[in-house]
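Letter by letter, the chains look like this.
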Amino acid sequence: MSEKPLQSEKKSNGYVVRRYRYTNDYQVIPSLNPKGGRENRMFYIGSWIHPTNDEVEFKRLIFGMRLLTAVAVAAVLAALAVLPGPLTHKWFLPILVISSFPLAYQIMGAVMLPAKTTPMERRQYDKGILRTGHSAMFAFVVICMSALACLIYWIIAVAATIKGEAPYSLMDGVFAAMLVLGGVAELRVYRLSKQIKTELLDNDAYRP
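Residues numbered from 1 in each chain as written. Predicted model: local features only at pLDDT ≥ 70, side-chain atom pairs only at ≥ 80, totals over all residues. Heavy atoms only, no water.

Engineer: I'm lost on the overall build of the chain in this one. Help?
Structural biologist: Secondary structure summary: the chain contains five helices and five strands in total. Listing every helix and strand of the chain by position from the N terminus yields β-β-β-β-α-α-α-α-α-β. Of all 208 residues assigned to the chain, the portion counted as buried reaches 39%. Within the chain, contacts between residues at least 6 apart in sequence are counted, and of these 74% link residues at least 24 apart. For the chain, the exposed surface amounts to about 11,700 Å²; the carbon and sulfur share of it is 64%. (Helix = DSSP H or I, 4+ residues; strand = E, 2+ residues; numbered from the N terminus. Buried < 20%, exposed > 50% of the residue type's maximum accessible area, 1.4 Å probe, protein only. Contact = heavy atoms within 4.5 Å. Areas by Shrake-Rupley, 256 points an atom, 1.4 Å probe, with all protein chains shown as cover.)

Engineer: Help me understand the nonpolar core, please; the structure alone is not making it clear to me.
Structural biologist: Grouped burial of nonpolar side chains is what soluble globular proteins tend to show. Phe92, Leu96, Phe175 and Ile196 are the most contacted members of the largest nonpolar core, which totals 34 residues. Breaking this core down by element, the ones donating at least two residues are helix H1 (55-82), helix H2 (92-98), helix H3 (100-111), helix H4 (122-159) and helix H5 (170-194). No other element matches the 10 residues that H4 contributes to this core. Those residues in contact with phenylalanine 92 that lie beyond four places of it in its chain are Leu83, Ser146, Ala149, Cys150, Tyr153 and Phe175. (Core = buried A, V, L, I, M, F, W, Y, C linked by side-chain atoms within 4.5 Å.)

Engineer: I would appreciate a short explanation of the confidence of the model for the chain in the present structure.
Structural biologist: Confidence in the prediction for the chain averages 84 pLDDT; 83% of positions are at 70 or higher. By mean pLDDT, the top-scoring element of the chain is H3 (96), and the lowest-scoring one is strand S1 (residues 9-10) (46). Across residues 1-19, where pLDDT falls below 50, the model places 39 contacts with residues more than four positions away in sequence or in other chains. (pLDDT = per-residue confidence, 0-100.)

Engineer: Is there a simple way to explain a nonpolar patch on the surface in this structure?
Structural biologist: Side chains of Trp91, Leu148, Leu151, Ile152, Ile155 and Ile156 sit close together on the surface and give an oily, nonpolar patch of about 560 Å² of accessible area. Inspection of the secondary structure puts leucine 148 in helix H4. (Patch = residues over 30% accessible without salt bridge, like charges linked within 9 Å, V, L, I, M, F, W, Y side chains within 5 Å. Salt bridge = Lys/Arg side-chain N within 4 Å of Asp/Glu carboxyl O.)

Engineer: Where do I start with the packing of H1 against H5 in this structure?
Structural biologist: How two helices sit against one another is set out by the angle between their axes and by the gap between those axes. Viewed as axis vectors pointing N to C, H1 and H5 meet at an angle of 160°, and their least axial separation amounts to 8 Å. With respect to H5, the axis of H1 lies roughly antiparallel. Viewed along their axes, H1 and H5 form a crossing whose handedness is left-handed. Partitioned by chemical class, the residues of the contact of H1 with H5 number 18 nonpolar, four polar and two charged. (Axes fitted to C-alpha atoms, helices over the stretch in contact; angles between N-to-C directions. Parallel < 35°, antiparallel > 145°, perpendicular 65-115°, else oblique. Left-handed = near helix turned anticlockwise from the far one by under 90°. Nonpolar A, V, L, I, M, F, W, Y, C, P; charged D, E, K, R; others polar.)

Engineer: Help me out: how do you make sense of the packing of H1 against H3 in this one?
Structural biologist: The interhelical angle for the contact between H1 and H3, taken along N-to-C directions, is 155°, at an axis separation of 10 Å. Taken together, the axes of H1 and H3 lie roughly antiparallel to each other. Read as a crossing pair, H1 and H3 show a hand that is left-handed. Only Leu103, Gln106, Ile107, Ala110 and Val111 of H3 make contact with H1, whose side of the interface consists of Arg66, Thr69, Ala72, Val73 and Val76. Across the contact of H1 with H3, the residue classes tally to seven nonpolar, two polar and one charged.

Right, here's the structure in full:
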């Protein structure tokens, strides 16, 4: 039996089964538990992903991604809350609601962001740094689409009468400002994620 799988143990028997994408990164070995029963012990055998930024820069990038994620979420929630009615013809609002899906994934990714520049398993890197950056870009695109639809709406409102249209108010301006803030924050999160540089290490090059 190979000694290599004994390098990083995972004790959840269903861990790999539920995540087929990472199955090849783990090896399950039957063993005896302290009570004499049989159990499956899981070991990480894949390559390690090691951030190469210095510790100070890495912590700054991680802090920035988390902070700006919070700003983006707050901006979208504020935009949804302040938009005045009637909402019948404001088709840009449903578009903005779609951003809640990538934002939810982004929050999950931000929670899993590593605190230090220690080597990570591939799953940890994907579910943390990659998920946060990619979700931020997806949310940025959706926010921009909502902002464009908002602009088109008001151009049409100025050029022609929209039935049931309410006059432009301060809250409409606040809504637009929140879209800009959310979009800028998301774009910045994506760019920060790209500043995290990594290298691959062989499995036997690191002992957790």
